[in-house]
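Commentary on secondary and tertiary structure
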Amino acid sequence: MNPNHIKCYAFMLLLIKKERKSSFLQRQSLEYCNPQHTHMITLFYENDNIFTQDTYDKIIDQLDFLTLECPSCKHSGCLIKHAKYPRTFRMANSIITVHILRVLCKECGHTHAILLCDFVPYSQILLDDQVDILTSNNDEEFLSDNPNFDLSDIRYIRKQYNL
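These remarks concern the structure in this document. This one's a predicted model, so the numbers in the text were calculated from it and none came from an experiment.

Quick look at the overall build of the protein chain
Helix and strand counts for the protein chain stand at five helices and six strands. Shown N-terminal to C-terminal, the secondary structure of the protein chain runs as helices and strands in the order α-β-β-β-α-β-β-β-α-α-α. When burial is assessed residue by residue, the protein chain has 42% of its 163 residues classed as buried. Across the protein chain, every contact between residues at least 6 apart in sequence was considered, and the portion connecting residues at least 24 apart equals 56%. Surface exposure of the protein chain reaches about 9100 Å², of which carbon and sulfur atoms provide 50%.

Structure, rendered in structure tokens:
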């Protein structure tokens with residue numbers, strides 16, 4: 001199994017631990033996750049490069065919107081590109097802003113953000129960095145290696161996962 005998939009599945013298991021259930025549907029080289037409790041669509045993908053706006057755009061360009069199911073009404077083929085919004089992510093040594101695509105369901109009128117498995121909903125810290133924080137045994141060493149994070153980030157993330 002691909003290490004990126006392991007991290008994504010680990011994240012999903014952590015969400016399930018917090019009583020959030022998900023179902024998975026395989027689509028070509030992308031996997032599609034439809035969390036029933038949110039209005040987000042999460043795409044699993046393979047990428048070993050540093051994340052950028054171009055990475056996000058290339059993944060979105062590969063997406064067949066006719067195969068996506070609306071998380072609200074469960075209709076397929078009804079999602080259209082609607083808008084974008086900026087989202088800032090703090091990484092170990094940099095800060096980037098990515099314009100996240102929102103889609104509109106023509107059937108029910110709900111909008112949904114298209115997120116990648118690297119994105120943790122409502123967090124500026126990417127999944128890989130959250131996994132690193134959760135598995136780190138030495139906070140001081142972690143913070144010295146990751147200058148864009150501070151002790152409050154570590155505490156907050158551990159609290160989110162009840163650790």
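Observations regarding helix α2 (residues 53-62)
Spacing of three or four residues puts side chains on the same side of an α-helix, whose turn is 3.6 residues. Among all positions of α2, only Q53, T55, Y56, I59 and I60 are buried. Down the axis of α2, the smallest arc covering the buried residues is 165°, so these residues share one side. Opposite the buried face of α2, by more than 90 degrees, sit the exposed residues D54, K58 and D61. Of the residues flanking the start of α2, the one acting as N-cap is T52, its side-chain oxygen 3.3 Å from the backbone nitrogen of D54.

Side note on the nonpolar core
Membership of the largest hydrophobic core comes to 26 residues, with the highest contact counts inside it found for L43, Y56, I114 and F119. Listed by contribution, the elements that provide at least two residues to this core are β3 (40-44), α2, β4 (79-90), β5 (95-105) and β6 (111-116). Per-element accounting of this core gives the leading share, six residues, to β5. Ranked by size, the runner-up nonpolar core spans nine residues in total, among them I125, L127, F149 and I154.

Digging into the pairing of β6
Counting buried positions along β6 yields five of six residues, so the element is predominantly enclosed. Summarising the sheet, β5 and β6 pair through three bridges and their orientation is antiparallel. Note that in β6 the partner of V103 across the bridge is H112. Counting the residues between successive antiparallel strands, the hairpin from β5 to β6 contains five residues, one of them, G109, with a positive phi of roughly 85°.

Thoughts on the packing of helix α3 (residues 127-135) against helix α5 (residues 151-160)
Think of two packed helices as two axes; the pair is described by the angle between the axes and how far apart they sit. Two numbers describe how α3 lies on α5: the axes approach to 10 Å, and their chain directions differ by 90°. As far as their axial angle goes, α5 and α3 are roughly perpendicular. Between α3, through Q130, I133 and L134, and α5, the contact on the second element is made entirely by I154, I157 and R158. When its residues are assigned to classes, the contact of α3 with α5 shows four nonpolar, one polar and one charged.

Rules and cut-offs
Residues numbered from 1 in each chain as written. Predicted model: local features only at pLDDT ≥ 70, side-chain atom pairs only at ≥ 80, totals over all residues. Heavy atoms only, no water. Helix = DSSP H or I, 4+ residues; strand = E, 2+ residues; numbered from the N terminus. Buried < 20%, exposed > 50% of the residue type's maximum accessible area, 1.4 Å probe, protein only. Contact = heavy atoms within 4.5 Å. Areas by Shrake-Rupley, 256 points an atom, 1.4 Å probe, with all protein chains shown as cover. Arc of directions from axis to C-beta. Polar contact = N/O pair within 3.5 Å; in protein donor to acceptor, adjacent residues only side chain to side chain. Core = buried A, V, L, I, M, F, W, Y, C linked by side-chain atoms within 4.5 Å. Pairing = 2+ DSSP bridges. Axes fitted to C-alpha atoms, helices over the stretch in contact; angles between N-to-C directions. Parallel < 35°, antiparallel > 145°, perpendicular 65-115°, else oblique. Nonpolar A, V, L, I, M, F, W, Y, C, P; charged D, E, K, R; others polar.

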